[in-house]
Amino acid sequence: MEKTLAIIKPDAVKKRVVGKILTRIEEEGFEVSEMEMKKMTKDEAKGFYIVHKGKPFYESLTDFMSSGKVVILALERENAIRHWRLTMGATDPAVATEGTLRRQYGFSVERNAVHGSDAQETAEWEINYFFKK
């Protein structure tokens, strides 16, 4: 079993589609091993997205991610990282495949409903960032 981190972003929480996204997670065969709803502080968002520090979108991304409640999940299943990324779809909802979460619920590259880890090492770091042992 592989683990990945997923975040239901403030735009999706505000749209009241958390339940739909959680249902899809279960339908895709994921087991939710950890889950928390919270409002990230600006510092938490900056720390989480530290890899993007210095990029033009860093401030707006961290402003957005700390603008409202999010649902943070640790998901498990075989090939969890790859499968979650396919379920999410492309970062830009306008080019995401039909039926993906970002195509269904996303608004823009930044406000794209969900986040997911991109690699095993990233997943481990991201899960530990929110769900410290």
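Here's what I pulled together on the structure shown here. Computed from a predicted structure; not experimentally measured. (Residues numbered from 1 in each chain as written. Predicted model: local features only at pLDDT ≥ 70, side-chain atom pairs only at ≥ 80, totals over all residues. Heavy atoms only, no water.)

**Side note on unusual backbone geometry**
Argument step 1. Its identity as a non-glycine residue notwithstanding, asparagine 79 has a phi of 50°, on the positive side.
Argument step 2. Taking relative accessible area as the criterion, asparagine 79 reaches 52% and is therefore assigned exposed.
Argument step 3. The phi torsion at alanine 113 lies on the positive side, around 75°, for a residue other than glycine.
Argument step 4. A relative accessible area of 0% means that alanine 113 is categorised as buried. (Buried < 20%, exposed > 50% of the residue type's maximum accessible area, 1.4 Å probe, protein only.)

**Remarks on the pairing of strand β1 (residues 2-8)**
Argument step 1. Burial analysis of β1 places six of its seven residues in the buried class, which makes it a mostly covered element.
Argument step 2. Taken together, the three bridges between β1 and strand β4 (residues 114-116) define a ladder with antiparallel strand orientation. Following the sheet pairing, isoleucine 7 is matched in β4 by histidine 115. (Helix = DSSP H or I, 4+ residues; strand = E, 2+ residues; numbered from the N terminus. Pairing = 2+ DSSP bridges.)

**A word on the pattern of salt bridges**
In a structure, side chains of opposite charge can pair up when their charged atoms sit close to one another.
Argument step 1. A complete count under the given rule lists eight salt bridges for this structure.
Argument step 2. Ionic pairing is found between glutamate 44 and lysine 38, a salt bridge with its closest N-O pair at 2.6 Å.
Argument step 3. Accessibility expressed as a relative area gives 23% for glutamate 44, which makes it partly exposed.
Argument step 4. As a salt-bridge pair, arginine 103 and glutamate 98 come within 3.4 Å of each other at their nearest N and O atoms.
Argument step 5. By relative accessible area, arginine 103 is classed as partly exposed at 35%.
Argument step 6. Members of the salt-bridge network, linked through shared partners, are Lys42, Lys46, Glu59 and Asp63. (Salt bridge = Lys/Arg side-chain N within 4 Å of Asp/Glu carboxyl O.)

**Digging into helix α5 (residues 80-88)**
Argument step 1. If you check which residues of α5 are buried, you get Ala80, Ile81, Trp84, Thr87 and Met88. The arc that holds every buried residue of α5, seen down its axis, measures 130°, which confines them to one face. Along α5, the residues that are exposed and aim more than 90 degrees away from the buried face are Arg82 and Leu86.
Argument step 2. Residues of α5 that are buried make contact with β1, α2 (18-27), β3 (69-77), α6 (101-105), β4 and α7 (120-130). (Arc of directions from axis to C-beta. Contact = heavy atoms within 4.5 Å.)

**Points about the environment of alanine 80**
Argument step 1. Among the secondary structure elements, alanine 80 is positioned in helix α5.
Argument step 2. Residue class for alanine 80 comes out buried when judged on its relative accessible area of 0%.
Argument step 3. Separated by twelve residues in the primary sequence, alanine 80 and aspartate 92 place their C-alpha atoms 21 Å from one another.

**What about the environment of methionine 1?**
Argument step 1. For methionine 1, the position within the fold is in the segment before β1.
Argument step 2. Taking the C-alpha atoms as reference points, methionine 1 and histidine 83, 82 residues apart in sequence, are found 12 Å from one another.
Argument step 3. Contact partners of methionine 1, with chain neighbours within four places excluded, come to Glu31, Glu76, Arg77 and Glu78.

**Overview of the nonpolar core**
Argument step 1. Ranked by size, the top nonpolar core spans 19 residues in total, and within it Ile8, Ile21, Ile25, Leu73, Leu75, Trp84 and Val114 carry the most contacts.
Argument step 2. If you list the elements that add at least two residues to this core, you get β1, α1 (10-14), α2, β3, α5 and α6. (Core = buried A, V, L, I, M, F, W, Y, C linked by side-chain atoms within 4.5 Å.)

**Considering the sheet that holds β4**
Argument step 1. Here four strands make up an open sheet; going across it, the order is β2-β3-β1-β4 and the pairing antiparallel. On the outer flanks of this sheet lie β2 (31-39) and β4, each paired with one strand and no other. Pairs of neighbouring strands in the sheet enclose a mean axial angle of 20°, with direction left out of account.
Argument step 2. Judged from the seven bridges that link them, β1 and β3 form a sheet pairing that is antiparallel. Residue pairing for β3: leucine 5 is matched across the bridge by alanine 74.
Argument step 3. Together, β1, β3 and β4 form the strand contacts of α7, whose direction differs from that of β1 by roughly 60°. (Axes fitted to C-alpha atoms, helices over the stretch in contact; angles between N-to-C directions.)

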